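Geometric and topological summary
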Amino acid sequence: MRLLRVSVALLVALLLGLAMNGPPAHAQEMASYYETTDLLGAPPASFREGLLGYANPALPPLAGNHLVAAWSTEGRAAASVRDWGLFSNIGGLGSSIVRRNRGSLSVTGYHVSLAGGSGDFAAGVGYQGYAGDATALGRYNRLTVGTIARPSPYLSVGLTGNVSLETDDREVVGEIGVRPLGSSRLTLFADAAWGEGQALADVPWSAGAAVEVIPGLNLRGRVFESEAVSVGLRLGLGRLSLDSGSRVDPNGDYARQVNRVRLGEYEPSAIAQGLRAGKEHVELSLQGPLPYRGSPVSNPFAQKPDRFYEVLRTVRQAGESARVSAVALNLSGLQVRPEQAWELRTALRNAQSAGTKIVAVLENGDMTTYHVASVADVVALDPQGNLSLPGYALSRTFFKGTLDKLGIGYQSWRFFKYKSARESFSRTSFSRADSLQRQRFVNDRYELFQNNVTAARPPGPDSLNRLVDEKTILTAQEAKQTGLVDTLARWHERSGLLRTVTGEETSSLDASGLDQIATATRKWGAPSEIAVVYGIGTTSVKSGMGSRELSKKIRKLADDEDVAAVVFRVDSPGGSPVAAAQVGEAIKTCAKNKPVIVSQGQLAASGGYWVSAHADTILAGPNTITGSIGVIGGWFYDKGFSDQTGLSSDVVQRGERADLFKGGIQLPLVGVTVANRKLTDDELARVEDVFRQGYDEFVETVAEGRDTTEAHIRDVAKGRIYSGGDGKEAGLVDKIGGLPRAIKLARMAAGLSPEAAKVREVNPTKDFTFSALLPGPLGTFMNTLWSTSDSTPAIQTDPTETYLRLMLKHQPGPLVLLPPDAYPHAN
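Residues numbered from 1 in each chain as written. Predicted model: local features only at pLDDT ≥ 70, side-chain atom pairs only at ≥ 80, totals over all residues. Heavy atoms only, no water.

Using the criterion set out here, one finds 43 salt bridges in the structure. Across the salt bridge formed by Arg-313 and Asp-515, the nearest N and O atoms sit 3.7 Å from each other. With Arg-313 in helix α5 (residues 308-320) and Asp-515 in helix α14 (residues 511-519), this pair connects stretches of sequence that are 202 residues apart. On the accessibility criterion, Arg-313 (22% relative accessible area) is partly exposed. The salt bridge partner of Glu-529 is Arg-760, with a shortest N-O separation of 2.8 Å. Separated by 231 residues along the polypeptide, Glu-529 in strand β24 (residues 528-536) and Arg-760 in strand β35 (residues 757-761) bring together distant segments of the chain. Linked by salt bridges that have partners in common, Glu-49, Arg-220, Arg-234, Asp-243, Arg-260, Arg-262, Glu-267 and Arg-522 make up one network. (Salt bridge = Lys/Arg side-chain N within 4 Å of Asp/Glu carboxyl O. Helix = DSSP H or I, 4+ residues; strand = E, 2+ residues; numbered from the N terminus. Buried < 20%, exposed > 50% of the residue type's maximum accessible area, 1.4 Å probe, protein only.)

Now the structure itself:
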């Protein structure tokens, strides 16, 4: 990226050099830079929005989207209008119209420019055309090209070339800005315009300084080579700013006053913050899932769901903003896993600790949604709603009897005590080891819920236990009587609920507006990036996590100089060891170059732990299921199934065991195959050897990544699942925390202040699937057709279906996978 910027800069410099290498010197007919930019308060590369590409076409990407109106007066006549202009920028496309009057002569100029770039470099090209008494006033159609480089918070350099399209005139404008304090508190600037044929001593220039008294209030002064002087005052009010400057000619006469009004993106303003302090609230209507990644295609008939990171960011920004006094949450229909609920609750608690009030509204509540709501200062339940608080359970359906009746045999390969993924096909009830590990996790979940709720709401632990065990379902009135909710109300009554916690009427501030306010900055240069990468779904090469493409993205981050640290959010039950190893190796490579922090979501088990192992730091939440270090496999075969169904198959082969992989009965519509026979003792011995080698490699990988001994990993492995807290005690997790804490740790590991770091989500959008356009069976069918023969369908909405397909596809090979009945799903 930086090489590209340097290349563009060199190209622009070359163009400017060619522009100046014209015919022999002559008196310049084209109006000079200072004549055409007299509505400008300071050089565009150094100060604010700089007429949005009119003076330097590279400015728009650095300035943001704005509309500026500017006009100058006739001397001291404040109500007069001598010249005026309208300037705009939208996404790097700048445009303007400028009217100038000189006695009986007048000219109207039009400008359009296009620019691209980022915080530390931009380049642009523009065209200026004129109508009216253009030539009499020296206005000739011209081409402009420019660059602005801001390599650090201390320096800004601009270069602009103006080339007349009607005469042989050329002009180069150089600008420099210096901020000795590295902030907008003090800016020193200078510029010079070199016309073709001018001696260096004759080049006009200007220099000056701008002082930011408080954010949004600026004073500036500027002196010109001609000994003219200008002074100005700028008042910023967020999305609106007012600017006025006066110019005194060399002879001491008051020449004119230039006024500017800007409307556009939010700019830092202590005045606006003070005027709006505590006057606003944020509303979050979380009526559905909170996906990590958005759909690649927007559904015009459905509301776009809020993404998980966006919600956490909004809550954090609300807690940090002096403008926001409260957050109102509509949790009716919220569908999240317990770990996401804990992270959301933690974010709300942090905002609450900063002084922001929380209001939560429920239509009905269950264990997960009430866990979130319980943190609120006011919890409101629909008068006809109820709270369902049955506790927690993990159940399992066993298929052994069904397989027996269908005539499908199953050989289970389980060589590690706790690796129970295939028990549902070989048993009729939990093994003792599986029962114990599941019960441990359920106990941890319940105790977390109990501790959090009783710390925030009136019922003590014993009272809460009785409500769970004896009442289980509470009506709205009962929930209010017990203190679990504070009032009975609906979402449309939220204004009254907010007044009870703020004491006054507040206006609503949407999440995008809050984000603009929170991230607004006047700093120069591009901040270093904290890259957030999502590894979501099964560890599969093409589907699920998509290890092939994901590992490419991670390796690219390793060499990206703009990225200071990486946060890898993992939410995966595992799957293919090949896919897990691909991603794990990419994380290992990346961690050699920069800090890598893993944030484990609801699941980072088996293959999901494999991809985490080489991070510098692993964070898990208390509800995370982590560990499950082990491999598992099994074999489905025809044990009378063909006799019962009338299906049969035949095979020709060369290779003693070729029939194991290509022979068998392919089930219509389902697209999976049941093998013709079971494995022989020799084949089973070979399978065990392969599995144990795979397990050894898994253990070695984790031991290396965690910088511990293989003996220790073998002791805590054996396929056992852990909650986040137990995983920390076992040495598989470093810290307890969610995605926000992982981002904070990544920033600190990179040695960056909050102002010097920017979060960038690397893969916030899912890959394209037909289900995004065609929900339901038709979309699933089209996905199947779209997918290649060696991949599973591009999207699976049912974890059990995904699980079965992975097992059948990979048999008799090993899998590093947790079954879907071993972990909680979104309610």
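Now for the packing of aromatic side chains. Evaluation of the coordinates by the stated rule reveals twelve aromatic pairs. Relative to Phe-87, the ring of Tyr-54 has its centre 5.5 Å away and its plane inclined at 65 degrees; by these criteria the two rings are edge-to-face. With Tyr-54 in the loop between α2 (33-36) and α3 (60-63) and Phe-87 in strand β2 (residues 83-90), this residue pair connects regions lying 33 residues apart in the sequence. Phe-87 sits in the buried class, given a relative accessible area of 1%. When the ring of Phe-398 is compared with that of Phe-430, the centres are 5.8 Å apart and the planes differ by 80 degrees; the resulting orientation is edge-to-face. Within this pair, whereas Phe-398 is found in the loop between β19 (386-388) and α8 (400-406), its partner Phe-430 is found in the loop between α9 (423-426) and α10 (432-456), the two being separated by 32 residues in sequence. Here Arg-179 stacks its cationic end above the ring of Trp-524, 4.0 Å away from the centre of that ring. Geometry around Phe-224 places Arg-247 over its ring, the cationic atom sitting 4.2 Å from the centre. (Phe/Tyr/Trp six-rings, centres within 6.5 Å; stacked < 30°, edge-to-face > 60°. Lys NZ or Arg CZ within 6 Å of the ring centre and 35° of its normal.)

Its place among the elements puts Asp-38 in the loop between α2 and α3. Residues within four places of Asp-38 in sequence aside, it is in contact with Asp-83, Arg-100, Arg-102, Arg-256 and Val-258. (Contact = heavy atoms within 4.5 Å.)

Spatially, six strands are ordered β22-β18-β17-β16-β15-β23 in an open sheet, and the strand pairing comes out parallel. Each end of this open sheet is capped by a strand with a single partner; those strands are β22 (487-488) and β23 (507-508). Two elements, strand β17 (residues 357-362) and strand β18 (residues 378-381), share four bridges in a ladder whose sense is parallel. Across the sheet, the residue bridging to Leu-362 is Leu-381, located in β18. Lying on the sheet, α5 is in contact with β15 (280-285) and β16 (324-330); it crosses β15 at an angle near 160 degrees. (Pairing = 2+ DSSP bridges. Axes fitted to C-alpha atoms, helices over the stretch in contact; angles between N-to-C directions.)

With that settled, consider the nonpolar core. Leu-286, Leu-331, Tyr-370, Leu-387 and Val-567 are the most contacted members of the largest nonpolar core, which has 73 residues in total. Every residue in contact with Leu-286, bar those within four places of it in the chain, is listed here: Asp-306, Val-311, Leu-329, Asn-330, Leu-331, Ser-332, Gly-333, Leu-334 and Leu-344. In this structure, Val-533, Val-611, Phe-698 and Val-702 belong to the second largest nonpolar core, which totals 52 residues. (Core = buried A, V, L, I, M, F, W, Y, C linked by side-chain atoms within 4.5 Å.)

Turning to the packing of α10 against helix α11 (residues 461-471), a few remarks are in order. Interhelical geometry of α10 versus α11 gives an angle of 120 degrees and a closest axis separation of 10 Å. By the angle class used here, α10 and α11 are oblique. Considering how the two elements wind past one another, α10 and α11 form a crossing that is right-handed. Across the interface between the two elements, Tyr-446, Phe-449, Gln-450, Val-453 and Thr-454 from α10 touch Pro-461, Leu-464, Asn-465 and Val-468 from α11. Classifying every residue of the contact of α10 with α11 by side-chain character gives six nonpolar, three polar and no charged. (Parallel < 35°, antiparallel > 145°, perpendicular 65-115°, else oblique. Left-handed = near helix turned anticlockwise from the far one by under 90°. Nonpolar A, V, L, I, M, F, W, Y, C, P; charged D, E, K, R; others polar.)

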